[in-house]
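Summary of the model geometry
Each chain, letter by letter, is given below.
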Amino acid sequence: MPFRFRLSPLLPGLLATLAISVASIGLEKVQTVVFGRNWFEGLVIAILLGALARSFLPHPDSLRPGIRFAAKQVLEAAIVLLGGTISLGAIQAAGPGLVCGIACIVVLAIAAGYVIGRALGLSHHLATLVACGNAICGNSAIAAAAPVIKAEGEDVAASIAFTAALGIAVVLLLPVIGGALGMSETRYGVMAGLTVYAVPQVLAAAAPMGTIAVQVGTLVKLVRVLMLGPVIFTLGLLPGNREAGASVSKLVPWFIIGFLLLMALRSADLIPQGFQIPLKQASGALTIVAMAALGLNVDIRTLAHAGGRVILAATLSLLALAAMSAGLLQILAIV
């Protein structure tokens, strides 16, 4: 049977990525039981486990086709499904002033993060990933941007690993800073939504300041996440990310079109409400599988070599984002 012959070369690598994915999800759940929260997301654990397996265990050639498939096609499918979980309704709720401000912050933060990364000697791809992760939504933005700019597995693993660690530090430190500065719940919520990477992390960072901080922070963060579509769309249009002479229909990868299409359907309420959780779970599971595959392509010695520069670039980019966010608070007179 033709389908069997096409699938069989992929099976060894797919089984390896699935095994690492299951272990990663298990370790994520262990964190919840032991610590009451997930300090490291499953996709971060998947990259780390994959890199460890690649560096210290046998890596036969039979694994490579399946690993390549998981790192590319599975990741692209995850990005498409992610679009079905994002609605444009947050824009109307936030108001035009704040929405324009958030959009400007994202664009400026990407530019600043890229310049900082390049100044510190990061490659074009790695600087782009760190900048996008810092400016939009951390790991999800990095995972979405990676196939568009054709980033190597080492670059994806390095940017996600160190951005994830920095994201945890922000969750822990931001409430302390907000309390020390005497910020109101509304002002703190906007600041948290603008600077914290992932939506669950925004909830964790805003909760100590009160219910209003959580509500405002979540709203601002959702608007920031909505910038993911336009950003990856723009990245796909850049000359360096497409083949010379490509037709207009080939300028943007199929999965970006799928992402935007599902986001439009979600915004128009054409995707039933009951599908939201399954879509989110499916996208998350596929992303973990893809990250395990990326990890299986990473030599841990290469990752360690780039570590100092990546964490410094991510830290300076985050500080630049925080400064811009503080400026927006002043401009909009949010008290």
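Throughout what follows, the structure given in this document is the object of discussion. Quick caveat: nothing in here was measured; it's all calculated off a predicted structure.

Each helix and strand in the chain was counted, giving 16 helices and zero strands. Taking 20 Å as the expected radius of gyration for a compact globule of 335 residues, we find that the chain reaches 20 Å, a close match to that expectation. The buried share of the chain, taken over its 335 residues, is 50%. Taking contacts inside the chain between residues at least 6 apart in sequence as the whole, the part at least 24 apart equals 81%.

Right, let's get into the pattern of salt bridges. The tally for this structure, following the rule as stated, stands at three salt bridges. Taking the shortest distance from any N to any O, the salt bridge between Asp 61 and Arg 64 comes out at 3.2 Å. The exposure class of Arg 64 is partly exposed, given its relative accessible area of 41%. Among the salt bridges present, the one from Asp 269 reaches Arg 266, with a minimum N-O distance of 4.0 Å.

With respect to the element layout, Thr 128 can be found in helix α7 (residues 124-137). If we skip the residues at most four places from it in the chain, Thr 128 touches Tyr 114, Ile 149 and Leu 235.

A word on the environment of Gly 229. Topologically, Gly 229 is positioned in helix α13 (residues 228-237). A relative accessible area of 0% means that Gly 229 is categorised as buried. For Gly 229 and Ile 257, which are 28 residues apart along the polypeptide, the C-alpha to C-alpha distance reads 9.3 Å. Not counting residues up to four positions away in its chain, the partners in contact with Gly 229 are Phe 259 and Leu 260.

What follows deals with the environment of Ala 293. Relative to the helices and strands, Ala 293 is located in helix α15 (residues 276-295). Take Ala 293: its relative accessible area is 0%, and that puts it in the buried class. Separated by 242 residues in the primary sequence, Ala 293 and Ala 51 have C-alpha atoms spaced 9.1 Å apart. When neighbours within four sequence positions are excluded, Ala 293 is seen to be in contact with Thr 17, Ile 67, Ala 70 and Ala 71.

With that out of the way, let us pick up a nonpolar patch on the surface. On the surface, a nonpolar cluster with roughly 330 Å² of combined accessible area is contributed by Leu 7, Leu 11, Leu 15 and Leu 18. With three residues, helix α2 (residues 11-35) is the largest single contributor of residues to the nonpolar patch. On the accessibility criterion, Leu 15 (54% relative accessible area) is exposed.

Let's shift gears to the state of the cysteines. For the structure shown, the criterion picks out zero disulfides. Cys 104 forms no disulfide, and the closest cysteine sulfur to it belongs to Cys 100, at a distance of 6.6 Å. Taking the relative accessible area as the measure of exposure, Cys 104 reaches 46% and is therefore partly exposed. Lacking any disulfide linkage, Cys 132 is separated from the closest cysteine sulfur, that of Cys 137, by 9.4 Å.

Definitions and cut-offs
- Residues numbered from 1 in each chain as written.
- Predicted model: local features only at pLDDT ≥ 70, side-chain atom pairs only at ≥ 80, totals over all residues.
- Heavy atoms only, no water.
- Helix = DSSP H or I, 4+ residues; strand = E, 2+ residues; numbered from the N terminus.
- Rg over C-alpha atoms; globule rule 2.2 N^0.38 Å.
- Buried < 20%, exposed > 50% of the residue type's maximum accessible area, 1.4 Å probe, protein only.
- Contact = heavy atoms within 4.5 Å.
- Salt bridge = Lys/Arg side-chain N within 4 Å of Asp/Glu carboxyl O.
- Patch = residues over 30% accessible without salt bridge, like charges linked within 9 Å, V, L, I, M, F, W, Y side chains within 5 Å.
- Areas by Shrake-Rupley, 256 points an atom, 1.4 Å probe, with all protein chains shown as cover.
- Disulfide = S-S within 2.5 Å.

Purely spatial values, then, with no claim about function.
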